[in-house]
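Each chain, written out:
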Amino acid sequence: MAETFPEPFLCYHCGNIAAHKRIGLFEAKELFEHVDGRPYRERFNYEIYRCSTCDGINIFGDFIEYPRHKAFAARRLYPRESLILPEDHKLASAQ
Ligand SMILES: [Zn+2]
């Protein structure tokens, strides 16, 4: 498998816009739609990237023939949202 280094993108683990190395590519068949109650599965690519800053894993995926998202960033599957929490002193007090 060829290693690829896409354009730097936002890592949801460390919050840096960093270079990522693709460390995994996996093709599966995932549920695409139901027609008359029957499930239809289509080829789906999972891509796993490791952040060069924190080693966090960011996973992207979409259907191959019928992609649901044009933008790479919209294909993010994991993490769904940033894991970065504000520092304690920036959180509003509940009292
Ligand atoms: Zn990171």
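Worth saying up front: this structure is predicted, and the values here are computed from it rather than measured.

Any details on unusual backbone geometry? Residues and values, ideally.
Most of the time, phi is negative for any residue but glycine, and the peptide bond is trans. Cis geometry marks the peptide bond from tyrosine 78 to proline 79; its omega dihedral reads -15 degrees. Following the sequence through the fold, proline 79 ends up in the segment after strand 6 (76–78). Positive phi, close to 55 degrees, is recorded for aspartate 36, a residue that is not glycine. Along the chain, aspartate 36 turns up in the loop between strand 3 (20–35) and strand 4 (38–51). Residue aspartate 36 is classed as exposed on the basis of its 4 C-beta neighbours within 10 Å. In this structure, aspartate 55 takes a positive phi of about 70 degrees despite not being glycine.

Lay out the sheet that holds strand 3 with the relevant residues and their values.
The four strands are arranged 3-4-5-6 in an open sheet whose pairing can be described as antiparallel. Two strands lie at the open edges of the sheet, namely strand 3 and strand 6, each paired on one side alone. Each adjacent strand pair in this sheet contributes to an overall mean axis angle of 30 degrees, direction not counted. In terms of strand pairing, strand 3 meets strand 4 through 14 bridges, oriented antiparallel. The residue of strand 4 that forms the bridge with glutamate 33 is tyrosine 40.

Analysis parameters
Along each chain, residue indices are assigned from 1 in the same order as the chain's sequence is written. Reporting of local features is limited, given that this is a predicted model, to residues whose pLDDT is at least 70; pairs of side-chain atoms are given and counted only at 80 or more, and all residues count toward the totals for whole chains, interfaces and linings. Helix and strand labels come from DSSP, where a helix needs a run of H or I of at least four residues and a strand needs a run of E of at least two; each type is numbered from the N terminus. Any residue with 12 or fewer other C-beta atoms within 10 Å of its own C-beta is exposed, any with 20 or more is buried, and the rest are partly exposed; the C-beta atoms used are placed from the backbone. When DSSP locates at least two bridges between a pair of strands, those strands are taken to pair. Between N-to-C directions, angles cover 0 to 180 degrees, with each direction set by a line fitted to C-alpha atoms, over the stretch in contact for helices.

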